[in-house]
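Report on the structure
What follows is the residue order along each chain.
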Amino acid sequence: MSRYTAHVKNAQVRTRFAPSPTGYLHVGGARTALFNWLFARKHGGRFVLRVEDTDEARNTEEARQAIFEGMQWLGLDWDEGPQADGSSSGDFGPYFQSQRREIYDKWFEKLRADGRVYEDDGAWRFKFARKAVVMQDLICGEVTIDYTNTSNTPDMVVRRSDGSYVFHFVNVVDDLEMKISHVLRGEDHLMNTPKHLQLFEAFGVEPPQYGHIPLILNKDGSKMSKRDTGAAVGGYAQEGYTSEAVFNFLALLGWSPKDESEIMPVSEIIDRFSLEGVNRSPAKFDAEKCAWINQQHLMQLDAEAFAHAAAPYLEQAGVALPENYTAIAASVQEKVRLLNEVPAAIAFFAELQFDQSALEKVRSQELAKGLLEKLAEAFRINDDWSQAKQTIGNTAKAHGAKPGQLMFPTRVALSGQSGGPDLGAILDILGKEESIRRIQHTVSIL
């Protein structure tokens, strides 16, 4: 039996994500939301969204919408909490801390009636029980904080002199009221948890189980900040990532299925997710790995789905969709890592423009011009265009050359590039007349 199975066996799992709408959805926050969502889905529980919006000076509507939209794009649907427009979600919401003052007042009065708070220069402090607090963290293991020394652990303020409540107090009250069973959050909150456990004890309520996820670091080991590449979830869609790929990447930031599996659909990640698989060491953010995972997901799409996914990026680039767009898009499906690379990757089909370094490489090959002339002639008398690619190799051999000595010049003549889609696909899409025209044009400028 695992270290958390006993707790969830006979109780409904209820997890939550509690963002503060002071900026965009950070990749660290998204991963926290994702782990809570996965845990709830794995155990048939509920995932709650709670907006910690009591800081009126820093909260913005734009930030709130960015959080909602980022979660929805990732597929992190919530069972309770605010809708994207801020409206209620059935009988359970909306959960905005700014609307819960009466609830906080009620629990504060309980502490005051029990003698667990006292006034100090206008503010109210919570009296810590002067003892060692031992917690069994689901990820970090046993953690002990000794509250016997008042100089190291002074009583904490729970209500400020202006009447507003601090994070620690409202966080506990909300988890209590919402019957949260498991709190999975960043390791930077680890030292807050003993404080929260003391509050739960003062309220006479069983606390949730806590699990603290190691932080996300940059590849060089530095702490990931909001300015670093890949920090803003909202930027991934603009850059051509699919939500499924980013979901997959974020899941692997600190969690492992304990085998070599990396590319997984959401359903498989849910099925395999466990807290035992969460690493205790910090996760390293690798933008290249994220792009690679995205490429693997793109390669798994069928041609129509890939073309559909790429279409908005062509529209943004001002590229009209041709009649044979699906075939054109499919020709570069295994070549691009991001969807925003598709417009440039297929541009040559509409207009031939030479990469000068590729053209110079062809020009430096002594046999290239003559072989291309012979290929144009062979194409002209070719009655079966489906065999056009084989004609390239046959033409080279017929004139004493190796197939590779004509393949590269042909690629450059047809696409203007040194790399790209399979030559067979290019020939099929361009057709006989356009292929011959491009080869002849290339011969004329060599």
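Residues numbered from 1 in each chain as written. Predicted model: local features only at pLDDT ≥ 70, side-chain atom pairs only at ≥ 80, totals over all residues. Heavy atoms only, no water.

Counting its regular elements, the protein contains 18 helices and 11 strands. Reported as C-alpha extents along the three principal axes, the dimensions of the protein are approximately 100 × 40 × 40 Å. Relative to its full complement of 446 residues, the protein shows a buried share of 50%. Sequence separation of at least 24 residues holds for 73% of the intrachain contacts in the protein that already meet a minimum separation of 6. Only carbon and sulfur atoms are counted for the fraction: they give 47% of the accessible area of the protein, which is about 20700 Å². The average position of the 49 basic charges and that of the 61 acidic charges among the side chains of the protein differ by 4 Å. (Helix = DSSP H or I, 4+ residues; strand = E, 2+ residues; numbered from the N terminus. Buried < 20%, exposed > 50% of the residue type's maximum accessible area, 1.4 Å probe, protein only. Contact = heavy atoms within 4.5 Å. Areas by Shrake-Rupley, 256 points an atom, 1.4 Å probe, with all protein chains shown as cover. Lys, Arg positive; Asp, Glu negative; His and termini not counted. Charge placed at Lys NZ, Arg CZ, Asp CG, Glu CD.)

Okay, the sheet that holds strand S3 (residues 117–120) next. The pairing of strands in a sheet happens through backbone hydrogen bonds and is either parallel or antiparallel. Strand order in this open sheet of 3 strands is S3-S4-S7, and the pairing throughout is antiparallel. Strands at the two margins of the open sheet, each flanked by one partner only, are S3 and strand S7 (156–159). Neighbour to neighbour, the strand axes of the sheet diverge by 45° on average, direction disregarded. Strand direction decides the pairing type here: S3 and strand S4 (residues 123–126), joined by 4 bridges, are antiparallel. When the sheet's bridge partners are listed, Val 117 is paired in S4 with Phe 126. Taken strand by strand, helix H4 (residues 101–113) contacts S3, S4 and S7, and its axis lies near 130° from that of S7. (Pairing = 2+ DSSP bridges. Axes fitted to C-alpha atoms, helices over the stretch in contact; angles between N-to-C directions.)

The full count for this structure, using the stated rule, is 17 aromatic pairs. When the ring of Phe 126 is compared with that of Phe 128, the centres are 5.7 Å apart and the planes differ by 90°; the resulting orientation is edge-to-face. Each member of the pair Phe 126 and Phe 128 is classed as buried. Three or more aromatic residues joined by ring pairs make a cluster, and in this case those are Tyr 104, Trp 107, Phe 108, Trp 124, Tyr 165, Phe 169 and Phe 203. Sitting over the ring of Trp 124, Arg 112 keeps its end group 5.0 Å from the ring centre. The ring centre of Phe 408 lies 4.8 Å from the NZ or CZ of Lys 361, which sits over that ring. (Phe/Tyr/Trp six-rings, centres within 6.5 Å; stacked < 30°, edge-to-face > 60°. Lys NZ or Arg CZ within 6 Å of the ring centre and 35° of its normal.)

Before going further, it helps to spend a moment on the nonpolar core. Ranked by internal contacts, the top residues of the largest apolar core, which has 52 residues, are Met 71 and Leu 250. Among the elements of the structure, helix H2 (27–42), strand S2 (46–49), helix H3 (61–74), helix H8 (243–251), helix H9 (266–272) and helix H10 (287–299) are those that each provide at least two residues to this core. When near neighbours in sequence (up to four residues on either side) are disregarded, Leu 250 contacts Val 27, Ala 30, Arg 31, Leu 34, Phe 35 and Leu 74. Judged by nonpolar contacts, the second largest core, of 39 residues, contains Ala 310, Ala 345, Ala 376 and Leu 430. (Core = buried A, V, L, I, M, F, W, Y, C linked by side-chain atoms within 4.5 Å.)

Next up on the list: helix H17 (residues 404–415). The first and last C-alpha atoms of H17 sit 17 Å apart over 12 residues, in line with the 16 Å expected at 1.5 Å per residue. Of all 12 residues making up H17, 9 are buried, and the element is well covered by its neighbours. Every buried residue belonging to H17 is among Leu 406, Phe 408, Pro 409, Thr 410, Arg 411, Val 412, Ala 413, Leu 414 and Ser 415, and all of these are buried. Buried-residue contacts for H17 involve helix H13 (342–350), helix H14 (356–363), helix H15 (368–380), helix H16 (388–398) and helix H18 (423–445). Positive backbone phi, approximately 80°, marks Gly 416, located one or two places after H17. (Expected span 1.5 Å × (residues − 1).)

Moving on, we get to the confidence of the model for the protein. Confidence along the protein averages 91 in pLDDT terms, with 94% of residues attaining 70 or more. Here helix H1 (residues 5–8) is the element of the protein with the lowest mean pLDDT, 42, and S4 is the one with the highest, 98. When the criterion is pLDDT under 50, residues 1–10 qualifies, and its contacts beyond four places in sequence or with other chains add up to 19 contacts. (pLDDT = per-residue confidence, 0-100.)

What follows is about the pattern of salt bridges. For the structure on display, the rule yields 26 salt bridges. Each of Arg 16, Arg 50, Glu 52, Arg 100, Asp 174 and Asp 175 takes part in one network of salt bridges that share partners. (Salt bridge = Lys/Arg side-chain N within 4 Å of Asp/Glu carboxyl O.)

Bringing the packing of H14 against H17 into the picture now. Packing of H14 against H17 leaves a shortest axis separation of 10 Å and a crossing angle of 140°. In terms of orientation, H14 and H17 fall into the oblique class. The interaxial crossing formed by H14 with H17 has left-handed handedness. Along its contact with H14, which presents Ala 358, Leu 359, Lys 361 and Val 362, the element H17 presents Phe 408, Pro 409 and Val 412. The residue makeup of the contact of H14 with H17, split by class, is 6 nonpolar, no polar and 1 charged. (Parallel < 35°, antiparallel > 145°, perpendicular 65-115°, else oblique. Left-handed = near helix turned anticlockwise from the far one by under 90°. Nonpolar A, V, L, I, M, F, W, Y, C, P; charged D, E, K, R; others polar.)

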